[in-house]
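Close look at the chain arrangement
Each chain, written out:
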Amino acid sequence: MQECETPFGVLTLDRYPPTANPTLQAWDAADLHMLQQCHPGTGGRVLVINDNFGSLACALARGGCQVISWSDSFLAEQALRLNLERNTLAADQVDFVDSQQLPIGPVDRVLLRIPKSLALLEDQLSRLRPLLGAGVAVVAGAMLKHLPPTAGDLLKRYIGPYQASLAWKKSRLLIATTSEAPAPEIPDLVTRYELADTGFLLANRPGVFSRERLDIGTRVLLPCIPVGVKAARIVDLGCGNGALGIQAALNNPDAQLSFIDESYAAVASARDNFAAAFPGRQAQFRVADGLLDAVPGSADLVLCNPPFHQQQVIGDEIAMRLFQQSRRALVEGGALLVVGNRHLGYHVKLRRFFRRVEQVGGNNKFVVLRAS
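Conventions we followed
- Residues numbered from 1 in each chain as written.
- Predicted model: local features only at pLDDT ≥ 70, side-chain atom pairs only at ≥ 80, totals over all residues.
- Heavy atoms only, no water.
- Salt bridge = Lys/Arg side-chain N within 4 Å of Asp/Glu carboxyl O.
- Helix = DSSP H or I, 4+ residues; strand = E, 2+ residues; numbered from the N terminus.
- Buried < 20%, exposed > 50% of the residue type's maximum accessible area, 1.4 Å probe, protein only.
- Disulfide = S-S within 2.5 Å.
- Phe/Tyr/Trp six-rings, centres within 6.5 Å; stacked < 30°, edge-to-face > 60°.
- Contact = heavy atoms within 4.5 Å.
- Polar contact = N/O pair within 3.5 Å; in protein donor to acceptor, adjacent residues only side chain to side chain.
- Pairing = 2+ DSSP bridges.
- Axes fitted to C-alpha atoms, helices over the stretch in contact; angles between N-to-C directions.
- Right-handed = clockwise from strand over helix to strand, strands pointing away.

**Quick look at the pattern of salt bridges**
On inspection of all chains with the given rule, the structure shows 14 salt bridges. The salt bridge partner of Asp272 is Arg205, with a shortest N-O separation of 2.7 Å. Here Arg205 lies in the loop between β11 (201-204) and α6 (216-221) and Asp272 lies in helix α8 (residues 264-277), a separation of 67 residues in the sequence. Take Arg205: its relative accessible area is 26%, and that puts it in the partly exposed class. Glu358 is the salt-bridge partner of Arg356, the closest N and O atoms lying 3.5 Å from each other.

The structure is reproduced here in structure tokens:
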């Protein structure tokens, strides 16, 4: 835990999941830059969007604001709740709303962390605009190196004219005010492509990983999924649009499928795609912190194409966490089937948790490993 000095007082904040890297903080200059636009004592209802670890919401709650936090991330939701508790802030001062729902207006101000995905940004702005009255300030911020060049165009289209701030500690704000013009029509931002050699279409809501085309790692893993396994309990861990789980369901008509992701949009996409591929077939869909809360011995096979980043931070901590969770959730003799870039060295890291690790597929860039 580290102390963060904000315009509303000093907060004790931590990342979630916890990290062993002492250089990583639960906030950055863009968060502080946005908070500088809010004056202590003004109160009111503030909508915070894409608050990575709850730093914005906690600071505003400390300042007496009623906060609505709107995010696609279950991990961000957990970080928010834990940081509210660390700072003895009342949980009811912040309402969390997931990305598949709409916040309830009116709000007096909006603070928006500009996401990596422009599709997610457009989705959020287009759905948000009808909820805002004229003259509401929308303060969008990002670190300069992560600021998409067309983010301002989207802000202008859906909110109104904006001004870009001067850079401050390598961050920048785009500040827009809602105009009196009618809100633009909400676009259909769902993308679709075929799951190779199945005839199934995969629909991808804004913000879902690999929404334009099937990623190479998933393509390499698909042929390695077992066929004809009787009554197996198969988990698509970090499911995204559900491609791996849908292929496993096709290969194994008697299997019980579970789809798990920390993204609300991903789980909604996987649910849509499974229902379209297998009308009437039952499966489980959970937005969760991986298999953290899974019952030990509750899975026979886990399929995973693990992320190698959280927000913009690249590393293997998330993957290692998923490996450890999988080991605990698997029945004795069960297996984890995982794909990753060869240079990540997963074959060595998996041996911390599994007795046997063998290569079952791959190409010149990716390797598929079976850990049992």
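**Observations regarding unusual backbone geometry**
Here the residue pair Tyr16 and Pro17 is connected by a cis peptide bond, since its omega of -5 degrees sits within 30 degrees of zero. Relative to the elements of secondary structure, Pro17 occurs in the loop between β2 (9-13) and α1 (29-35). Phi at Lys170 is positive, roughly 65 degrees, even though this residue is not glycine. Counting through the fold element by element, Lys170 comes out in the loop between β8 (162-164) and β9 (171-177).

**Side note on the state of the cysteines**
Inspection of the entire model under this criterion finds zero disulfides. Free cysteine: Cys224, not disulfide-bonded; nearest cysteine sulfur from Cys304 at 14 Å. Its sulfur unpaired, Cys239 is 11 Å from the next cysteine sulfur, which belongs to Cys304.

**Some thoughts on the packing of aromatic side chains**
Enumeration according to the criterion identifies seven aromatic pairs in this entry. Look at Phe200 and Phe278: their rings are 5.5 Å apart centre to centre, the planes differ by 70 degrees, and that puts the pair in the edge-to-face class. Within this pair, whereas Phe200 is found in the loop between β10 (191-194) and β11, its partner Phe278 is found in the loop between α8 and β14 (284-287), the two being separated by 78 residues in sequence. Here Phe200 falls in the buried class, since its relative accessible area comes to 17%. Relative to Tyr346, the ring of Phe323 has its centre 5.2 Å away and its plane inclined at 90 degrees; by these criteria the two rings are edge-to-face. Taken together, the residues span a long stretch of sequence, with Phe323 in helix α9 (residues 317-329) and Tyr346 in helix α10 (residues 346-349) at a distance of 23 residues. Judged by its relative accessible area of 4%, Tyr346 is buried. Cluster of aromatic residues (ring-pair linked, three or more members): Phe200, Phe259, Phe274, Phe278 and Phe285.

**As for helix α7 (residues 243-251)**
The buried count for α7 comes to eight of nine residues, which makes it a mostly enclosed element. Of the positions making up α7, those classed as buried are Ala243, Leu244, Gly245, Ile246, Gln247, Ala248, Ala249 and Asn251. Contacts from the buried residues of α7 go to β11, α6, β12 (233-237), β13 (256-261), α8 and β15 (299-304).

**Brief notes about the environment of Thr198**
Checked against the element boundaries, Thr198 lands in the loop between β10 and β11. With 52 residues separating them along the chain, Thr198 and Leu250 place their C-alpha atoms 8.6 Å apart. With residues near it in sequence (within four places) discarded, Thr198 still touches Gln247 and Leu250. Among the polar contacts listed, one links the side chain of Thr198 to the backbone nitrogen of Phe200, at a separation of 3.1 Å.

**Here's the deal with the sheet that holds β12**
Strand order in the open sheet formed by seven strands is β14-β13-β12-β15-β18-β20-β19, and the pairing between neighbours is mixed. A strand with exactly one partner marks an edge of an open sheet, and here the two such strands are β14 and β19 (357-362). Geometrically, the sheet is characterised by an average inter-axis angle of 20 degrees between neighbouring strands, direction not taken into account. Sitting on the sheet, α8 is in contact with β13 and β14, with an inclination near 170 degrees to β14. Across the sheet, α9 is in contact with β12, β15 and β18 (330-341); its angle to β18 comes to roughly 160 degrees.

**Some thoughts on the side chain of Glu122**
Relative to the elements of secondary structure, Glu122 occurs in helix α4 (residues 118-128). Looking at Glu122, its side chain comes within polar contact range of the side chain of Tyr158, at 2.6 Å. In contact with Glu122, not counting residues within four places along its chain, are Leu154, Arg157, Tyr158, Pro187 and Leu189.

**Re the pairing of β12**
Counting buried positions along β12 yields four of five residues, so the element is predominantly enclosed. Where β12 meets β13, five bridges bridge the pair, whose relative direction is parallel. Bridging from a neighbouring strand, Leu237 pairs with Ile260 of β13. Each parallel crossover has a hand, and the one from β12 via α7 to β13 is right-handed.

**Some details on the pairing of strand β1 (residues 2-6)**
By the bridge criterion, five bridges tie β1 to β2 in an arrangement that is antiparallel. When the sheet's bridge partners are listed, Glu3 is paired in β2 with Thr12. Linkage of β1 to β2, two consecutive antiparallel strands, is achieved through a turn of two residues.

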